Amino acid sequence: MKITLDRVNENFHFELKNERGHIVNVDARPDFGGNDMGPSPMELVLMGVAGCSGIDMISILKKQRQEITSFKAEVEGERVQVGEAKPFKNIYVVFSLEGNIKEDKAAKAAQLSFDKYCSVSKTVEPTATIHYKVVLNGVELAKI
């Protein structure tokens, strides 16, 4: 896996490209001297958690022939000062699913994602605790 980075402007706006040609813009907030032309690198980490676990959960539920009509995730990160860096200490994920999905299968899919499959969450686990809950058709099922 390889990513290339090119600086776009005189500040912190970068264009990142993967080997398949997909492009993501990254920038810093104006209060840090950026132009806000894309998410910050730390926001990309949270996006990675959401995307990775979303792929896991959809894959698991599809294999179990569950009918998913809507799937959303909201991810928030709590950071802590460690020297000059501010890594995530806690990451909170809320999955909201709709459809003809059995409660136990939705809860188990989230658990399997974080305990076994999601490489992004496994990458941040040494420094951050991931907390999650599953909301199915408006009803909270599992909270970790």
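The protein chain goes by Disulfide bond formation regulator in an unreviewed UniProt entry, where it is assigned to Flavobacterium gilvum.

**Here we look at the overall build of the protein chain**
A tally of helices and strands in the protein chain yields three helices and seven strands. In the protein chain, the succession of α and β elements from N to C terminus is β-β-β-α-β-β-α-α-β-β. By principal-axis analysis of the C-alpha atoms, the protein chain measures approximately 50 × 35 × 25 Å. For the protein chain, the proportion of its 144 residues judged to be buried stands at 32%. Across the protein chain, contacts joining residues at least 24 apart in sequence account for 47% of those joining residues at least 6 apart. For the protein chain, the accessible area works out to roughly 9300 Å², and carbon and sulfur atoms hold 52% of it. One finds the centroid of the 19 positive side-chain charges in the protein chain at a distance of 7 Å from the centroid of its 20 negative side-chain charges.

**Quick look at the confidence of the model for the protein chain**
Residues shown with low pLDDT carry predicted positions that ought not to be read at fine detail. Overall, the predicted model of the protein chain reaches an average pLDDT of 96, with 98% of residues at or above 70. Here strand 7 (residues 139-143) stands out as the element of the protein chain with the lowest mean pLDDT, 79, in contrast to strand 4 (residues 67-79), whose mean of 98 is the highest.

**So, the packing of aromatic side chains**
As enumerated under the stated definition, the model contains four aromatic pairs in all. Pairing phenylalanine 12 with phenylalanine 32 gives two aromatic rings, centres 5.8 Å apart and planes at 40°, and the pair type is tilted. Placement of the pair is phenylalanine 12 in the loop between strand 1 (3-7) and strand 2 (14-18) and phenylalanine 32 in the loop between strand 3 (23-26) and helix 1 (41-63), with a sequence separation of 20 residues. Residue classification places phenylalanine 12 among the partly exposed residues on the basis of a relative accessible area of 34%. Phenylalanine 32 gets classed as exposed once you look at its relative accessible area, which sits at 59%.

Rules used in this analysis
Residues numbered from 1 in each chain as written. Predicted model: local features only at pLDDT ≥ 70, side-chain atom pairs only at ≥ 80, totals over all residues. Heavy atoms only, no water. Helix = DSSP H or I, 4+ residues; strand = E, 2+ residues; numbered from the N terminus. Buried < 20%, exposed > 50% of the residue type's maximum accessible area, 1.4 Å probe, protein only. Contact = heavy atoms within 4.5 Å. Areas by Shrake-Rupley, 256 points an atom, 1.4 Å probe, with all protein chains shown as cover. Lys, Arg positive; Asp, Glu negative; His and termini not counted. Charge placed at Lys NZ, Arg CZ, Asp CG, Glu CD. pLDDT = per-residue confidence, 0-100. Phe/Tyr/Trp six-rings, centres within 6.5 Å; stacked < 30°, edge-to-face > 60°.

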